[in-house]
Amino acid sequence: MAPENFNPNGNASNLPWEDGFLDSLSIVNSEKAVKEVIQPPLVEGIDDHLVEFSEAMRTVSKVLRRAAEGKASAQAEASEWKRKYELERERNRQLENTGLNSNYTVEKGDNSADHLKLMSETDEPSQFCNEKNGIYSHEVLRDREHNAYSNVHGKLIRKASFKLQWYCKGEKNDQHKHDIVSFEKGNITTAERSSKQICLKWESPPQTVLILTKPNSTSVKVICAEMVRWLKEKKLNIYVEPRVRTELVTESAYYDFVQTWKDDDGFLLLHEKVDLVVTLGGDGTVLWAASMFKGPVPPIVPFSLGSLGFMTPFHSEQYKECLKSILQGPISITLRHRLQCHVIRESAKTEDETEEPILVLNEVTIDRGISSFLTNLECYCDNSFVTCVQGDGLILSTTSGSTAYSLAAGGSMVHPQVPGILFTPICPHSLSFRPLILPEYVTLRIQVALNSRGPAWVSFDGKDRKQLSQGDALVCSMSIWPVPTACRGDSTNDFLHSIHEGLHWNLRKTQSGDGPRDS
């Protein structure tokens, strides 16, 4: 059976091979016509110019034949990719159907703020999570009534609940209002611009805290031990990584109350037990914390104990004051978007052969690795061709990752709450290839060209490096599970402070006031 034709508009014709066949047939008929022209009856004493003309027409016929073959090959490649695309789309649809059916309810609270609540309608825990890859497939997750409790030392502890609301300092400030678009008399105008800060308000006090630390750091170990003691005095349950618990118990038997997980099941269900995550380290520790949660992520409080701190606004020396304020609430938070990435192999024939998706907080990078050849990457945005990247590689970054590898490659710095995907080339062999910022709702597909001289390599937040052979593709879209990080002030102040302190952005000597002046 001939493969279905996949045209740029995404619609299949009645005869899938019709367009390519007719085009090829037209070219072949043209070639036959050329042969009839270049094969006149043999006559003795034929003119030399006619011989030259005959040779030229033979060359034209060869070109037409090659064009026909290329057209047929392109049609076959397009139909094969459509088959894989439809396979991946059906797979994603099945993942969505296995998720919980939830309802959003928006309540009007104090100060006319919109409160977002989340409610689930089923009790089956297996429906929350895909068994194969552990990434949750539904948009919202709320505590289930029968599973909202965890057993801690023989006591049932209920997971804390909270609300998210839009917040702006000063009740008289109109910047907290939503976007309002007017269509009066056929004129479209945005009447009010929105500048919203997301605020988290605890509905019940948090009971369980997860502490994640940077490894192999003496100062981090000291702060961690002190923080565990302080949180214990506040009657909180404390989880740490198995490595950290071993270090604490080895130091003193006092820390035997600290909890951890023993297997993958306990690891995957952390979000059902943990109310708050505290990180002690740098941005890398925040990335590690985000990677632990394949679905909903508890609020993260990042303390700066690393080299750079674009996502770690809190100082470890003041952890008592910071945590006391956060446990009481409300908290200003930044919702940091993540990318969900799939690798689709050219050799994949069935859904079972597709690889599991990966979530990234900073960026996914495709580069040439150790190869001396340029990458040859065909890029598509919602099935529309974007460009072909010929250079060292390409970075697809979140706005939180705009101050990481993308910045070093010439990309713009973007506020982390701006929903978008950064499209940044790495050393492109072109003078006109500038970075792009695409909207968050698009799906990007990056495919290693079939005629590429060598393979490419893909890495996710600097880890899980994989080889992409000719024909393999990477599909990226915005994940439905953001990472909420607590703010020291508010999202904008923290962002501006981080680029001033971390990068010394636009730091220069002030121009002297001496010298000639305009009269």
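Model, not experiment: these values are computed from the prediction.

Rules and cut-offs
Residues numbered from 1 in each chain as written. Predicted model: local features only at pLDDT ≥ 70, side-chain atom pairs only at ≥ 80, totals over all residues. Heavy atoms only, no water. Helix = DSSP H or I, 4+ residues; strand = E, 2+ residues; numbered from the N terminus. Buried < 20%, exposed > 50% of the residue type's maximum accessible area, 1.4 Å probe, protein only. Areas by Shrake-Rupley, 256 points an atom, 1.4 Å probe, with all protein chains shown as cover. 1 Å grid on protein atoms, 1.4 Å probe; cavity = no way out; pocket = protein on both sides within 12 Å on 5 of 7 lines; lining within 4 Å. Points joined across faces, edges and corners; volume = space filled by probe spheres on them. Nonpolar A, V, L, I, M, F, W, Y, C, P; charged D, E, K, R; others polar. Core = buried A, V, L, I, M, F, W, Y, C linked by side-chain atoms within 4.5 Å. Contact = heavy atoms within 4.5 Å. Phe/Tyr/Trp six-rings, centres within 6.5 Å; stacked < 30°, edge-to-face > 60°. Lys NZ or Arg CZ within 6 Å of the ring centre and 35° of its normal. Salt bridge = Lys/Arg side-chain N within 4 Å of Asp/Glu carboxyl O. Pairing = 2+ DSSP bridges.

Caption draft 1: Main features of the overall build of the chain. When its secondary structure is counted, the chain shows nine helices and 26 strands. Among the 519 residues that make up the chain, the fraction classed as buried is 43%. Here the chain has roughly 28600 Å² of accessible surface; of this, 51% comes from carbon and sulfur atoms.

Caption draft 2: Spotlight on empty space enclosed by the protein. In the structure shown here, the tally under the stated rule is four cavities of 30 Å³ or more. Lining the largest cavity, in full, are Phe-310, Met-311, Arg-336, Thr-399, Ser-400, Ser-402, Thr-403, Val-414, Pro-416, Asp-494, Phe-495 and Ser-498. It is helix H9 (residues 491-503) that contributes the most residues to the lining of the largest cavity, three residues altogether. In terms of residue class, the lining of the largest cavity is made up of five nonpolar, five polar and two charged.

Caption draft 3: Broad picture of the nonpolar core. Ile-211, Met-227, Leu-280 and Phe-303 are the most contacted members of the largest nonpolar core, which has 37 residues in total. Among the elements that line this core, the one with the most residues is helix H3 (residues 218-233), at eight residues. When sequence neighbours within four positions are dropped, the list of residues in contact with Leu-280 reads Ile-211, Leu-212, Thr-213, Lys-214, Val-220, Ile-223, Cys-224, Met-227, Thr-285, Phe-303 and Leu-305. Counting residues in each nonpolar core, the second largest holds 28 residues, with Val-343, Ile-366, Val-389 and Leu-438 among its members.

Caption draft 4: How the structure looks around unusual backbone geometry. In this chain, Gly-329 is followed by Pro-330 through a cis amide linkage whose omega measures -10°. You can see Pro-330 is positioned in the loop between helix H7 (319-328) and strand S14 (331-336). Backbone geometry places Asn-216, a non-glycine residue, at a positive phi of 60°. On the basis of relative accessibility, which here comes to 79%, the residue Asn-216 falls in the exposed class.

Caption draft 5: Geometry of the packing of aromatic side chains. Summed over the entire model, instances satisfying the criterion amount to six aromatic pairs. Put simply, the rings of Tyr-254, Tyr-255 and Phe-257 pair up and form one aromatic cluster. Across from the ring centre of Phe-257, 4.7 Å away, lies the NZ or CZ of Lys-232, which sits over that ring.

Caption draft 6: Representation of the pattern of salt bridges. Taken as a whole and assessed by the stated rule, the structure comprises nine salt bridges. Ionic pairing is found between Arg-243 and Glu-247, a salt bridge with its closest N-O pair at 3.8 Å. Of the two residues, Arg-243 and Glu-247 are both situated in helix H4 (residues 242-251); the distance of four residues between them amounts to about one turn of the helix. Several salt bridges share partner residues, and in doing so they unite Arg-345, Glu-355, Lys-466 and Asp-472 into one network.

Caption draft 7: Examining helix H6 (residues 283-291) more closely. Of all the nine residues making up H6, seven are buried; the element is thus mostly covered by neighbouring parts of the structure. Close packing links the buried residues of H6 with strand S9 (208-213), strand S11 (276-281), strand S12 (300-304), strand S24 (463-468) and strand S26 (483-486).

Caption draft 8: Local environment of the pairing of strand S18 (residues 375-381). The buried count for S18 comes to seven of seven residues, which makes it a mostly enclosed element. Where burial is concerned, the two faces of S18 agree: the one with Thr-375, Leu-377, Cys-379 and Cys-381 and the one with Asn-376, Glu-378 and Tyr-380 are both buried. Alignment of S18 against strand S19 (residues 384-397), held across seven bridges, turns out to be antiparallel. Across the sheet, residue Cys-379 finds its bridge partner in S19, namely Thr-387. With antiparallel pairing between neighbouring strands as the criterion, S18 and S19 make up a hairpin whose turn holds two residues, including Asp-382 at a positive phi of roughly 50°. Strand direction decides the pairing type here: S18 and strand S22 (residues 444-448), joined by five bridges, are antiparallel. Within the sheet, the bridge partner assigned to Leu-377 lies in S22 and is Val-448.

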